[in-house]
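Next come the chains, spelled out residue by residue.
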Amino acid sequence: ATIRFDNLEVKSREIDSKAIVFSYIGNTGLGRWDNLISIGKAIDSYNIEFNTSHVLRIYAKLTEEKISQCSEIHSIQICGFIPGTKVKEAILDSDVLIHTESFCQENKEKTLFSLSTKIADSLGSGRYIFAYGPSEVASMRHLIDNKCAYCVTRQGDLFNSIKLFLSDRNTCEELRKNAKEVFQKYHNTRNSSNYLRMLFTGMIENHRS
């Protein structure tokens, strides 16, 4: 179920510009794990170059193999699986929320029309959103079209993308403001069904053409 945030009462978190908390909460399957590893490596590179201590917290149930893969990525903090009752707390203890989808064609086809409830949670939280994935899938399309997250849609230089994200405070604030408006406009019982129908109908038509 979607976590309900009252945007008027969500308190702003005081951000330590030298120790920003990125968080990913959710499933690491369908190629998302590879992207999280890439994001962690990019944050490591940023920390080294700019003498910062930014971290990427991953709230998910992970295999021993996955845990070992990030043992040398200093920015990644494995927080394990948390129940739904703890998700809001984890979100509000974050500065930046990560959304990611795989660039692999097979996985893109599986997530093409998927829009996780965590998108709504992120939009309503008052936190910045950093999204990394292909523009074709519904979740990324939603964030891009509504200009409510910092979206990186091409594989490659995550380091420069994160550097731009962390340096362009004006753009980030505008995106965060838009996120609150998008949450109110689309992610409520009255409006969400009509909007999702419109979004998916357009995507299906584009996919067929």
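Every value quoted in this text rests on a predicted model; they were computed, and no experiment measured them. (Residues numbered from 1 in each chain as written. Predicted model: local features only at pLDDT ≥ 70, side-chain atom pairs only at ≥ 80, totals over all residues. Heavy atoms only, no water.)

Enquirer: What is the right way to read the environment of I43 from this model?
Expert: Note on placement: I43 falls in helix α1 (residues 32-50). According to the relative accessible area criterion, I43 is buried, its value standing at 1%. Not counting residues up to four positions away in its chain, the partners in contact with I43 are F22, H54, L56, S75 and I162. (Helix = DSSP H or I, 4+ residues; strand = E, 2+ residues; numbered from the N terminus. Buried < 20%, exposed > 50% of the residue type's maximum accessible area, 1.4 Å probe, protein only. Contact = heavy atoms within 4.5 Å.)

Enquirer: I would appreciate a short explanation of the packing of aromatic side chains in the present structure.
Expert: Aromatic ring pairs are defined here through the distance separating the ring centres and the angle between the ring planes. Following the criterion strictly, the structure yields 6 aromatic pairs and no others. Here F130 and F165 contribute two aromatic rings whose centre-to-centre distance is 5.2 Å and whose plane-to-plane angle is 70°, an arrangement assigned as edge-to-face. In this pair, F130 is assigned in strand β5 (residues 128-132) and F165 in helix α7 (residues 158-167), connecting sequence segments 35 residues apart. Each of the two residues, F130 as well as F165, counts as buried. (Phe/Tyr/Trp six-rings, centres within 6.5 Å; stacked < 30°, edge-to-face > 60°.)

Enquirer: Explain empty space enclosed by the protein here, please?
Expert: Empty space among the atoms can be located by rolling a probe the size of a water molecule over them. Overall, the coordinates contain 3 cavities of 30 Å³ or more when judged by the stated rule. There is about 90 Å³ of room inside the largest cavity. Lining the largest cavity, in full, are I15, I20, D95, V96, Y128, F165, L166, R169 and C172. Those elements that place two or more of their residues in the lining of the largest cavity are α7 and α8 (169-186). Roughly 50 Å³ of volume is contained in the second largest cavity. Looking at the second largest cavity, the residues that line it are R127, Y128, I129, C148, A149, Y150, F165, C172, L175, R176 and A179. When residues of the lining of the second largest cavity are traced back to their parent elements, those giving at least two are β5 and α8. By residue class, the composition of the lining of the second largest cavity is 9 nonpolar, no polar and 2 charged. (1 Å grid on protein atoms, 1.4 Å probe; cavity = no way out; pocket = protein on both sides within 12 Å on 5 of 7 lines; lining within 4 Å. Points joined across faces, edges and corners; volume = space filled by probe spheres on them. Nonpolar A, V, L, I, M, F, W, Y, C, P; charged D, E, K, R; others polar.)

Enquirer: Explanation requested: the nonpolar core in the structure shown.
Expert: Looking at soluble globular proteins, one finds that nonpolar side chains tend to be buried together. With 32 residues, the main nonpolar core has F22, F130 and F165 as its most contacted residues. Those elements giving two or more residues to this core turn out to be β1 (21-25), α1, β2 (55-59), β4 (96-100), β5, β6 (150-152), α7 and α8. Sort the elements by how many residues they give to this core and α1 lands first, with 7 residues. Dropping the residues within four chain positions of it, F130 is found in contact with V96, L97, I98, H99, Y150, V152, L158, S161, I162 and F165. Of all hydrophobic cores here, the second largest spans 14 residues; its members include I129, A131, V182 and Y186. (Core = buried A, V, L, I, M, F, W, Y, C linked by side-chain atoms within 4.5 Å.)

Enquirer: Looking at this model, I keep getting lost on the pattern of salt bridges. Mind explaining?
Expert: It is possible for side chains of opposite charge to pair when their charged atoms get near one another. Scanning the entire structure with this criterion turns up 6 salt bridges. A salt bridge links R141 to D145; the shortest N-O distance between them is 3.1 Å. Taken together, the residues span about one helical turn, with R141 and D145 both in helix α6 (residues 138-145) at a distance of 4 residues. Assessed through its relative accessible area of 24%, R141 is described here as partly exposed. (Salt bridge = Lys/Arg side-chain N within 4 Å of Asp/Glu carboxyl O.)

Enquirer: Help me out: how do you make sense of α8 in this one?
Expert: For an α-helix the count is 3.6 residues per turn, leaving residues at separations of three or four pointing the same way. Across its 18 residues, α8 extends 25 Å between first and last C-alpha, which sits within 8% of the 26 Å expected from 1.5 Å per residue. Of the positions making up α8, those classed as buried are C172, L175, R176, N178, A179, V182, F183 and Y186. The buried residues of α8 occupy an angular sector of 165° when the element is viewed end-on, so they sit on one face. (Expected span 1.5 Å × (residues − 1). Arc of directions from axis to C-beta.)

Enquirer: Just checking my understanding: could you explain the pairing of β1 for this structure?
Expert: Successive side chains on a regular strand alternate, one facing one side of the sheet and the next facing the other. With 5 of its 5 residues buried, β1 lies for the most part within the structure. As paired elements, β1 and β2 share 5 bridges and run parallel to each other. Residue pairing across strands places S23 opposite R57, the latter belonging to β2. Handedness of the crossover joining β1 and β2 through α1: right-handed. Direction of pairing for β1 relative to β4: parallel, over a ladder of 2 bridges. Paired with S23 across the bridge in β4 is L97. (Pairing = 2+ DSSP bridges. Right-handed = clockwise from strand over helix to strand, strands pointing away.)

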